[in-house]
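# Structural description and commentary
Here are the chains, one letter per residue:
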Amino acid sequence: MKNCGDLVDNKSAIVGGVGDMYSEDSATLDQPITPWTISVASGYSLMRDPRYNKGLAFTEKERDAHYLRGLLPPVVLSQELQEKKMMNLIRQYEVPLHRYMAMIGLQETNERLFYKLLIDNVEELLPVVYTPTVGEACQKYGSIFRHSQGLYISLKEKGKILETLKNWPERTVQVIVVTDGERILGLGDLGCQGMGIPVGKLALYTALGGVRPSLCLPITIDVGTNNEKLLNDEFYIGLRQKRATGKEYDELLQEFMYAVKQNYGEKVLIQFEDFANHNAFELLARYSSSHLVFNDDIQGTAAVVLAGLLSALRLLGGTLADHTFLFLGAGEAGTGIADLIALEISEQNGKPIEENRKNIWLVDSKGLIVSSRKESLQDFKKPWAHEHEPITGLINAVKAIKPTILIGTSGVGKQFTKETPLIMALSNPTSQAECTAEEAYTWSEGRAIFASGSPFDPFEYEGKTFVPGQANNAYIFPGFGLGVIMAGSIRVHNGMLLAASKALASQVTEEHYEKGMIYPPLTNIRKISANIAAKVAAKAYELGLASHLPQPEDLVESAEKCMYSPVYRSYL
Ligand SMILES: NC(=O)C1=CN([C@@H]2O[C@H](COP(=O)(O)OP(=O)(O)OC[C@H]3O[C@@H](n4cnc5c(N)ncnc54)[C@H](OP(=O)(O)O)[C@@H]3O)[C@@H](O)[C@H]2O)C=CC1
Ligand SMILES: CC(=O)C(=O)O
Ligand SMILES: [Mg+2]
């Protein structure tokens, strides 16, 4: 294959491709020439450039060669010592938001050190840069705002979106994560302050999936907010107006989608994130035949939950078709997961998907979704309107449906009060989880398998320690995206989602099962992502969607070679 590798140690020479003047980066698959069109900073500006800054790790020779002498104190530290020092510092902050701010501060000053910390301490730092803390950060984004990250496209940019995209310093972009801030985790409409989500998701693309930071672009579309608290907040960073809807919204989104394609080409992956469901399903449907689009909340979540189910079945026995599913919440996550489960059952038993939907039930804020409600239901709920008398309330639905698998996707905390063999409380952040790990294990007297969207600590019940799984799309989208990029896939297909699910499930071992885990530990996430990427890419080749030909022989090896390494490069 063409070289898409990053160098893993700072002594290596460039492996093919086109290198930059610091021998730092070689060209990636989609990057046949170096994107550097501007001169490279030296001296003071080099130290102020987060992508190249090494702080006290600049060597004596580098200090001489790049006019840094005197600009740094005499000591030269290794990257490992810098990492140790930063981790010590971060651990001293007791308030999670302070840890978040320290991490963002590091990302803004020394990008490689930021990623080294995140990769080496993934279990500890994921809850800081991602859920749950990123939720609080978005709520307070205006107050803690220091340096701008990502690109803001507001109604003010209407008619000028292409020009706005050109202001972004990178000419080559492979992944865009975009939100309009209307459904940020389970915290609702946070308007422009939703930017924390694309920034956090893309940090995971790099740390967990190895997509290099320069190829990642976080975008927030600001069409206003209906959040009165934010509209009245003097530190709010967005447009101070109610949300634009209908034609005005659609036109802005259309201009955005076409400008992205024009500026970055056909193969930029556009990941929709935390849009409200009244826009999310439509955007995905509208652009999936013209753009490479992926909705993480609908599709990524579906793949991670299906993986958890496939892996749990090895513990519970039986097949998916033997189970009765009940979802609390029938939005993007709920119906997205339900759809993928039904699709997988159809692949397994060959029956039509409509038939296999019958064992899958969903409850929304008005009660069980049943056929008598069909007329008034949003389109994405209609396939789930089964014959049944109307039922309100989760408890009544549980009594009537008797689920063996209960999945919370309501965005509302503290909802589950019933024992079930497999419980997934997916809503984020932690405050919105439908139940806690302690509740799940205590109610079921240690029998339930439990997984949640945001992390819970291991819980000891009657002498046995249970490790809750983190059913979060973070397991899927970084590897999935890497697979799409590696193959140069031009579209996302459900078959690729199923492949990602199975790749994740296959990495759960007996040792994990003994601890009640249905997901592999996040400590191995880069290996997991490489395996997911390989299966996703293989599926893209099989489906004829891949454009990077010929297909590499060993896709896992290719994925690993593609991955960004945060180790400092030598600038000599
Ligand atoms: N773990 C993970 O990886 C992921 C977790 N999530 C989390 O899942 C949650 C939901 O996200 P998403 O599906 O996109 O949101 P949506 O807004 O699309 O869906 C929420 C659903 O919950 C229903 N609901 C709200 N309140 C209640 C209630 N009191 N009782 C019953 N149902 C209720 C809504 O009902 P109605 O339709 O009647 O309004 C709606 O069907 C969020 O907290 C999000 O953070 C999302 C994606 C990934
Ligand atoms: C995890 C995620 O994507 C969400 O909660 O929206
Ligand atoms: Mg999301």
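Sequence order sets the numbering: in each chain, residues are counted from 1 along the sequence as written. A letter from A marks each chain and a number from 1 marks each ligand, given out in the order of writing. Reporting of local features is limited, given that this is a predicted model, to residues whose pLDDT is at least 70; pairs of side-chain atoms are given and counted only at 80 or more, and all residues count toward the totals for whole chains, interfaces and linings. By convention in this description, side-chain values take in all heavy atoms of the structure and omit both hydrogens and water.

### Side note on unusual backbone geometry
Of note, the amide linkage connecting Asn 428 to Pro 429 takes the cis form, showing an omega dihedral of -10 degrees. A cis amide bond links Leu 549 with the next residue in sequence, Pro 550, at an omega value of 0 degrees. The residue Leu 185 is not glycine, and still its phi comes out positive at about 45 degrees. When you line up the elements, Leu 185 lands in the loop between β2 (175-179) and α10 (196-209). Even without a glycine there, the phi angle at Glu 445 is positive, about 50 degrees. Within the element layout of this structure, Glu 445 appears in the loop between α18 (437-443) and β11 (449-452). What counts as a helix is a DSSP run of H or I of at least four residues, what counts as a strand is a run of E of at least two, and both are numbered from the N terminus.

### As for the UniProt feature "binding site: a divalent metal cation" (unreviewed entry) in the protein
UniProt positions are given in the numbering used here, feature names are shortened, and annotations may be inferred rather than shown by experiment. Mapped onto the present numbering, the UniProt feature "binding site: a divalent metal cation" (unreviewed entry) falls at Glu 273, Asp 274 and Asp 297. Spatially, the listed residues are clustered: although they cover 25 residues, their C-alpha atoms lie within 6.8 Å of one another. By the secondary structure assignment, Glu 273 is in the loop between β4 (269-272) and α13 (277-287). Residue contacts follow a heavy-atom distance rule, with two residues in contact if any of their heavy atoms lie within 4.5 Å. The contact partners of Glu 273, leaving out residues within four places of it in the chain, are Val 177, Val 178, Thr 179, Asp 180, Ile 197, Lys 201, Asp 296 and Asp 297. By the secondary structure assignment, Asp 274 is in the loop between β4 and α13. Each residue's exposure class comes from its accessible area (1.4 Å probe, protein chains only) as a fraction of the maximum for that residue type: buried when under 20%, exposed when over 50%, partly exposed otherwise. Judged by its relative accessible area of 1%, Asp 274 falls in the buried class. Setting aside residues no more than four positions away along its own chain, Asp 274 makes contact with Thr 179, Asp 180, Gly 181, Glu 182, Arg 183, Ile 184, Leu 185, Ile 197 and Asp 297.

### Observations regarding the pattern of salt bridges
Salt bridges are identified by distance alone: a Lys or Arg side-chain nitrogen within 4 Å of an Asp or Glu carboxyl oxygen. In this structure the tally under the stated criterion is 32 salt bridges. For Arg 51, the salt bridge is made with Glu 170, and the minimal N-O distance between the two is 2.6 Å. One end of the pair, Arg 51, is in the loop between α1 (43-47) and α2 (60-65); the other, Glu 170, is in the loop between α9 (161-166) and β2, and 119 residues separate them in sequence. Judged by its relative accessible area of 17%, Glu 170 falls in the buried class. Of the charged contacts, one joins Asp 274 and Arg 183 as a salt bridge, the two residues approaching to 3.1 Å between their closest N and O atoms. Placement of the pair is Asp 274 in the loop between β4 and α13 and Arg 183 in the loop between β2 and α10, with a sequence separation of 91 residues. A residue is classified by how much of its surface remains accessible, and Arg 183, at 24% relative accessible area, is partly exposed.

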